[in-house]
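Spelled out, the chains give:
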Amino acid sequence: MERRDFFKKAIAVAGSAAIGGTAAEAGETVHPVDNRKVSDIAFPQKRPLITYSDRPPLLETPREVFTSALTPNDLFFVRWHMPMIPTYINPRTFFININGLVENEIKISLEELKTAFEQVELTAVLQCGGNSRTAFKPTASGIQWGVGAMGCARWKGVRLKDVLKKAGLKNEAAWISFNGEDKAVYNETANFVRELKLEDLNDDIILAYEMNGEELPYLNGYPLRLIIPGLYSDSWIKMISNITVTKEKQKLHFMDHAYRVPDNECECETPENLVQKTKPIEEMNVNSIIGYPSTGSKVRNASDLIVRGVAFDGGHGIKKVQISIDGGKIWEDARLDDGTQGRYAYRSFTYTFKPKKSGKLTIMCKATNEKGEEQPFAKDIKWNHGGYKYNGIDEVTIEVV
Amino acid sequence: MTSLTKSILILLFMSTTLFAESDSGITIPYVDFPMKEGKGMYSTKGKCNMCHSFGYVINQGLQSKKFWREKVIKMIVIFKAPIKSEEDIETVTNYLFEHYGNGELE
């Protein structure tokens, strides 16, 4: 084959949405890999986390953290696309640039963001679209996350809308693109740029400089990141330093090929029959995780056991969380927290019972949102090539002694 | 060393670590992701690890030969990895499939 032909063919392969997956038959979806060990090496401003890569840093939060409604900053998961991350940013000289189809191209300093705009706070779940990807069989393309590529924090910042207003949007403005300070090794590599349709802009989308009352950790996007409550975190750009307003949607790998699912009712496909028409992953599915106990925990027979966990969805709100200790036949309501953190936040839950006999015991939890959507059993979740949007009923198996 | 000098040194050391927070930036630790020994290891190491850790590769899970080949091509076409010849593509694909494969060609 001529070299030119070869690369032409290569582009056809790489350019299609059909990257990843194998021709093996889709198997039954299982529970994600659980109980991976944290690394002995702690990353800066973090406690030791499950470590998949150092360049770029890819860190997962262990299950045990999901007992409380807010995830501590030093236990919050980390996911970057580009390996070159600034390890020092001077907050006094940092600016975010607003350009493109605006009346005035402007630069805004952190200080100005903190003083010249209305300050807003909200609590929202940040979850990778590929969280729990290890559930999918055959192995879907992407980082093989367990359940911990998520967290929930109280974010403080300014509305994106207000910042755009300051620059003044031109009439033909239709798309907003976001870029952060992370870079690839080669200049030729495109940045991790994401876009939002102007019509999807709402008051809850903010540029946050604070996370749980502290500066953002570097690895979570210091000094500024985009927060898009209710949506998977693919567009929550970290170390955000540029916003460009355009009329047309740009051609971007990370918009056009990554973070997409089949555009059909089940958002599913098979490895031998990949769906050509895709859509962005966007709104988060209803989900819940048991933080305590975890698989392998030993508990006393006939003694109070308090099951703790968190539940969330894409912003409709959690209606109920139910627990089953008989394999999913009988479900009983867990007690939810007061919900004052808002519809985008974790609802923490507890369920107290006394195990009645010794031996292995499986505890399951299932959340239902205000729309009436409830989590399916893992085995009923159909495959997609990127292994996105898993939200199977969680379970842990403990030993009653 | 007198115990006084010792204490001063300890205090100095403590204060530098205390101040070494976000004001002076961070240092990202190196984490070793050992590669399995085999034909093509050095070539793969040079071509993949130039841009990202080997952890990023192996955490894709065990995959088919087709998957690994497409990943290598994606790195070239989308991410502009300077892998020029088909021979190099073969070497990397074969190494990854041999050691991190699922046994399936497709």
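Small disclaimer: the values here were computed from a predicted structure and weren't measured.

All names here are of chain A. For strand β7 (residues 150–159), a buried count of eight out of 10 residues is recorded, marking the element as mostly surrounded by other parts of the structure. Relative to strand β10 (residues 206–211), β7 runs antiparallel, the two sharing five bridges. The partner of Trp 155 across the bridge, within β10, is Met 211.

Between chain B and chain A, the residue contacts involve 42 residues of the former and 50 residues of the latter. Carbon and sulfur atoms make up 64% of the area that chain B and chain A hide from each other, which totals about 3,800 Å². Taken together, the connections running from chain B to chain A amount to 16 residue pairs in polar contact (both at pLDDT 80 or more). Listing elements by their share of the side of chain B that touches chain A, those giving two or more residues are α3 (54–58), α4 (65–77) and α5 (86–100) of chain B. With eight residues, the top contributor of residues to the side of chain B that touches chain A is α4(B).

Turning to the confidence of the model for chain B, a few remarks are in order. Residue and element names in this part refer to chain B. Per-residue confidence for chain B averages 84 on the pLDDT scale, and 79% of its residues sit at or above 70. For chain B, per-element mean pLDDT is lowest for helix α1 (residues 3–19), which scores 48, and highest for α5, which scores 96. Across residues 8–21 the pLDDT falls below 50, and counting only partners more than four positions away or on other chains, this stretch makes two contacts in the model.

Turning our attention to the nonpolar core. Among the nonpolar cores identified, the biggest contains 108 residues, and A:Ile98, A:Trp155, A:Leu160, A:Leu207 and A:Ile243 are the most heavily contacted of them. Sort the elements by how many residues they give to this core and α5(B) lands first, with six residues. Two domains share this core, each providing at least three of its residues, namely domain 1 (52–280) and domain 2 (287–400) of chain A. A:Val286, A:Ile290, A:Cys365 and A:Ile398 belong to the second-largest nonpolar core, a separate cluster that totals 20 residues.

Here the focus is the pattern of salt bridges. Residues and elements named next belong to chain A. Inspection of every chain in the model, using the stated rule, returns 23 salt bridges over all chains. Of the charged contacts, one joins Glu 112 and Lys 166 as a salt bridge, the two residues approaching to 2.8 Å between their closest N and O atoms. With a gap of 54 residues between them, Glu 112 in helix α2 (residues 110–115) and Lys 166 in helix α3 (residues 160–167) connect regions that are remote in the sequence. Classification of Glu 112 by relative accessible area gives partly exposed; the value is 24%. Judged by its relative accessible area of 42%, Lys 166 falls in the partly exposed class. Taken together, the shared-partner salt bridges in this structure form one network comprising Asp 34, Arg 63 and Asp 394.

Our next topic: the packing of α4(B) against α5(B). All names here are of chain B. Viewed as axis vectors pointing N to C, α4 and α5 meet at an angle of 135°, and their least axial separation amounts to 9 Å. One way to sum up the angle between α4 and α5 is to call them oblique. Here the hand of the crossing between α4 and α5 comes out right-handed. For the pair formed by α4 and α5, the contact residues are Lys 65, Trp 68, Arg 69, Val 72 and Ile 76 on the first element and Glu 86, Ile 89, Glu 90, Val 92, Thr 93, Asn 94, Leu 96, Phe 97 and Tyr 100 on the second. Counted by class, the contact of α4 with α5 contains eight nonpolar, two polar and four charged residues.

Let us look at α4(B). End to end, α4(B) covers 18 Å across 13 residues, agreeing with the expected 18 Å (1.5 Å per residue, within 8%). Three or more residues of α4(B) are buried, namely B:Phe67, B:Trp68, B:Glu70, B:Lys71, B:Val72, B:Ile73, B:Lys74, B:Ile76 and B:Val77.

Chain-level pLDDT for chain A is 93 on average; 94% of the residues reach the 70-or-more range. Confidence over residues 1–23 of chain A falls short of pLDDT 50; this stretch has 48 contacts with residues more than four positions distant or in other chains.

This part is about helix α2 (residues 41–48) of chain B. Residues and elements named next belong to chain B. Listed as buried for α2 are Met 41, Thr 44 and Cys 48. With its buried residues spanning 65° around the axis, α2 presents them on a single face. Against the buried residues of α2 lie α3 and α5.

Residues and elements named next belong to chain A. Following the criterion strictly, the structure yields one disulfide over all chains and no others. Disulfide pairing is shown between Cys 266 and Cys 268; the S-S distance is 2.0 Å. Classification of the bridge connecting Cys 266 and Cys 268 rests on its S-S torsion, roughly -75°, and on that basis the disulfide is left-handed. Since its relative accessible area comes to 44%, Cys 266 is described here as partly exposed. Looking at Cys 268, the relative accessible area reads 13%, which means it is buried. Unpaired in terms of disulfides, Cys 128 finds its nearest cysteine sulfur in Cys 152, a separation of 16 Å. Of the residues examined, Cys 128 reaches a relative accessible area of 6% and is grouped as buried. The thiol of Cys 152 is unpaired, and the distance to the nearest cysteine sulfur, on Cys 365, comes to 16 Å.

This part is about the environment of A:His316. Residue and element names in this part refer to chain A. Checked against the element boundaries, His 316 lands in the loop between β18 (305–312) and β19 (318–324). Accessibility expressed as a relative area gives 31% for His 316, which makes it partly exposed. Residues His 316 and Asn 212, spaced 104 residues apart in sequence, show a C-alpha to C-alpha distance of 23 Å. Residues in contact with His 316, not counting those within four places in the same chain, are Glu 283, Asn 369, Glu 370 and Lys 371. Here the side chain of His 316 touches Glu 283 through a polar contact of 2.8 Å, side chain to side chain.

For the rest of this paragraph, the subject is the side chain of A:Glu60. All names here are of chain A. Within the secondary structure, Glu 60 sits in strand β2 (residues 57–60). Buried charge without a partner: Glu 60 forms no salt bridge, and the closest opposite charge is Arg 36, 4.4 Å away. Polar side-chain contacts of Glu 60 include one of 3.0 Å to the backbone nitrogen of Gly 148. Excluding residues within four positions of it along the chain, Glu 60 makes contact with Arg 36, Leu 49, Ile 50, Tyr 52, Phe 77, Trp 145, Gly 146, Val 147, Gly 148 and Ala 149.

Calculation criteria
Residues numbered from 1 in each chain as written. Chains lettered and ligands numbered in written order. Predicted model: local features only at pLDDT ≥ 70, side-chain atom pairs only at ≥ 80, totals over all residues. Heavy atoms only, no water. Buried < 20%, exposed > 50% of the residue type's maximum accessible area, 1.4 Å probe, protein only. Helix = DSSP H or I, 4+ residues; strand = E, 2+ residues; numbered from the N terminus. Pairing = 2+ DSSP bridges. Contact = heavy atoms within 4.5 Å. Buried area = accessible area lost by both parts, 1.4 Å probe. Polar contact = N/O pair within 3.5 Å; in protein donor to acceptor, adjacent residues only side chain to side chain. pLDDT = per-residue confidence, 0-100. Core = buried A, V, L, I, M, F, W, Y, C linked by side-chain atoms within 4.5 Å. Domains from an automatic or database assignment. Salt bridge = Lys/Arg side-chain N within 4 Å of Asp/Glu carboxyl O. Axes fitted to C-alpha atoms, helices over the stretch in contact; angles between N-to-C directions. Parallel < 35°, antiparallel > 145°, perpendicular 65-115°, else oblique. Left-handed = near helix turned anticlockwise from the far one by under 90°. Nonpolar A, V, L, I, M, F, W, Y, C, P; charged D, E, K, R; others polar. Expected span 1.5 Å × (residues − 1). Arc of directions from axis to C-beta. Disulfide = S-S within 2.5 Å. Lys, Arg positive; Asp, Glu negative; His and termini not counted.

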